[in-house]
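# Coordinate analysis (summary)
Residue strings, one per chain:
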Amino acid sequence: MSYDSTRYRDYFEHSLTYAAGFGRNVARYGDSIALVDPPTGREWSYAQLGAAVDSVARALAERGVGRGDRVLYQLYNGVEFALLYLATQRLGAVSVPVNYRLAPAETAHILRDSDPAVFVIDAEHADGAQRALELAGVSPTVLVAGGNDAGHWGMGSGHLGQDFDAAVAEASGTLPDLPADFSTFEESTRFYTSGTTGMPKGVPLPSIAELMSAHDVIMHFPLTPQDRTLNMTPWFHRGGLHSGGPNPVFYIGGSVVPLRSFNPATVLDWVGEQGLTYLIGAPTTLEMIAAEQEKNPRDLTTLHGIVTMGAPLDRAAAIRYQELLTPRLFNGYGTTEGFWNTFLRPEDLPAHAGSAGRSCTDDDVAVVRVFEGRRGQPHELAARDGSEIGEVIMRSPKSGFSYANLPQVEEEKFHDGWLYPGDMATWDADGYVTIMGRTDDMIISGGENVHPVQVEAALADHPGVLDSVVVGVPDDQWGQRVVAYVVRRDEAVDVDGLDAFCREHPGLADFKRPRGYRFVDEVPLTATGKKMHYKVADSAAQD
């Protein structure tokens with residue numbers, strides 16, 4: 001008699017959800033601390049957090065939120081954010097965290113695209129939210145987070161929305177159970193991409209993808225119920241929420257410390273004061289905490305590791321951070337669509353600094369050859385010796401394999417179960433992947449391909465360079481000319497010195513050498529720490 005998988009399939013689809021995992025921790029770790037808010041001194045045990053989540057879920061349910069309804073929120077990292085993320089799961093609704101830095105027209109685009117039943121905003125961004133609502137032409141119920149400060153912004157009931165705390169306090173009644181047929185394959189969270197190439201795209205994730213994301217982080221850090229984490233990046237993007245943020249920590253039973261806005265001194269102070277075991281951020285935030293630690297050293301012995309994402313770590317930076325902060329440095333590469341898919345571990349450093357590491361435990365990653373007029377197939381592999389630049393592709397249980405309301409983009413990015421994110425890379429015989437930039441960032445000068453990341457990596461070897469962005473500008477003779485926008489670490493650095501350095505650099509062909517330089521105070525980054533080459537290219541064309 002053959003095995004009948006019906007019961008297992010039924011359990012998997014209807015019981016194996018992220019919400020169920022959090023519910024188990026409320027029961028098993030009721031007295032353990034789940035959430036700490038240092039500025040107010042408040043702490044929530046798992047039992048208290050579970051009760052608070054139910055209260056928020058009641059407030060949302062009273063405003064018509066149920067299975068499949070979207071709840072959009074533009075909030076800083078904080079208690080309200082964590083509660084909304086969990087409360088939507090409790091209702092079978094869809095959590096839609098959104099960047100509070102967006103322009104009103106961008107937020108309006110997301111409001112139209114997601115059509116939320118409830119829109120929760122921070123009082124600090126009330127004016128922008130109101131303008132976005134006017135532009136969008138939609139009328140969700142609006143709640144305003146900000147506690148006692150809400151009144152200072154004129155945000156009482158009847159202006160733009162009701163105070164969030166008041167709405168939660170006044171909610172009553174019994175919460176309905178999820179329908180018996182609720183599926184782990186139903187959408188539970190929708191991210192909007194950071195928009196390096198255009199208007200944000202909605203990336204839906206089913207509950208099972210959130211659960212697999214939590215498992216991935218728990219395995220790779222690894223995380224335990226005794227860990228306490230602080231993600232220095234905004235939770236509204238996937239790396240903030242899923243990489244040591246609320247998603248994996250609440251699933252394993254650890255504790256989360258939210259940081260409303262990044263301050264390197266505060267982060268380092270909290271390591272000792274709060275017993276933090278993991279910090280998570282982008283290379284830019286690591287550089288700032290390293291500079292602060294160099295200036296005013298703190299005891300960081302509670303740290304089990306620091307995890308970076310959004311951009312590779314060059315060798316000099318990796319060594320510097322290992323000496324100043326912790327020898328246990330990690331770096332993840334990925335996308336909003338698939339979370340991270342490669343991981344660089346402390347044991348890989350410094351030998352493999354600059355690479356994105358190897359594929360994550362449950363993921364398949366390949367670098368395929370590039371063809372004119374068609375995509376490379378998963379079996380058409382680039383040479384595994386670092387010599388051939390191809391397109392990196394991946395498939396992962398952490399992906400939802402979809403975009404919201406964009407079927408034509410789905411066809412472009414998802415093919416035969418693989419995600420084609422548009423990043424160029426090389427790889428070696430051991431599977432270490434090195435990202436060379438995006439296909440649309442590539443510069444073609446005199447018929448030769450120039451990948452900005454390769455030039456930026458060479459510039460990063462100069463001790464006087466803090467950061468750089470390399471782009472192409474139109475050139476009558478060569479088609480495009482390579483130029484570099486440089487943030488100096490040392491003000492004595494000048495154009496002649498950089499040009500001489502690049503001429504002598506063993507890893508940079510002469511045709512890739514920048515022909516022009518502009519010194520700037522900062523380079524434009526997305527919320528995930530990725531360089532926005534297109535913005536610099538637009539400015540460069542005008543310069």
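Residues numbered from 1 in each chain as written. Predicted model: local features only at pLDDT ≥ 70, side-chain atom pairs only at ≥ 80, totals over all residues. Heavy atoms only, no water.

### So, the packing of aromatic side chains
Using the criterion set out here, one finds 21 aromatic pairs in the structure. The interplanar angle of 20° and the centroid separation of 6.4 Å between the aromatic rings of Phe-221 and Phe-330 together place this pair among those described as stacked. Separated by 109 residues along the polypeptide, Phe-221 in the loop between helix H8 (207-220) and strand E10 (228-231) and Phe-330 in strand E14 (residues 329-335) bring together distant segments of the chain. Residue classification places Phe-330 among the buried residues on the basis of a relative accessible area of 2%. An aromatic cluster is defined as three or more aromatic residues linked by ring pairs; in this entry it consists of Phe-221, Tyr-278, Phe-330, Phe-339, Trp-340 and Phe-343. Taking the ring centre of Tyr-420 as reference, the NZ or CZ of Arg-375 above it sits at 5.4 Å. Cation over ring: Arg-488 sits above Phe-519, and NZ or CZ is 4.0 Å from the ring centre. (Phe/Tyr/Trp six-rings, centres within 6.5 Å; stacked < 30°, edge-to-face > 60°. Helix = DSSP H or I, 4+ residues; strand = E, 2+ residues; numbered from the N terminus. Buried < 20%, exposed > 50% of the residue type's maximum accessible area, 1.4 Å probe, protein only. Lys NZ or Arg CZ within 6 Å of the ring centre and 35° of its normal.)

### Thoughts on the nonpolar core
Core analysis: the biggest nonpolar cluster contains 67 residues, and Leu-49, Leu-60, Leu-84 and Phe-250 have the highest contact counts within it. Counting residues per element, this core draws most heavily on helix H4 (residues 79-91), at 9 residues. In this view, Leu-84 contacts Val-56, Leu-60, Val-71, Tyr-73, Leu-75, Val-120 and Phe-164; residues no more than four positions away in its chain are not counted. Counting 26 residues, the second-largest nonpolar core is a separate cluster that includes Val-267, Trp-270, Ile-289 and Leu-303. (Core = buried A, V, L, I, M, F, W, Y, C linked by side-chain atoms within 4.5 Å. Contact = heavy atoms within 4.5 Å.)

### Focus on the sheet that holds strand E25 (residues 465-475)
Strand order in the open sheet made by the 3 strands is E25-E26-E27, with mixed pairing throughout. The open sheet terminates on both sides in strands that have one partner only, identified here as E25 and strand E27 (516-519). Strand-to-strand twist in this sheet, taken as the mean axis angle between neighbours without regard to direction, amounts to 25°. Contacts from helix H17 (residues 533-542) reach E25 and strand E26 (479-488), with the element oriented near 55° to E25. (Pairing = 2+ DSSP bridges. Axes fitted to C-alpha atoms, helices over the stretch in contact; angles between N-to-C directions.)

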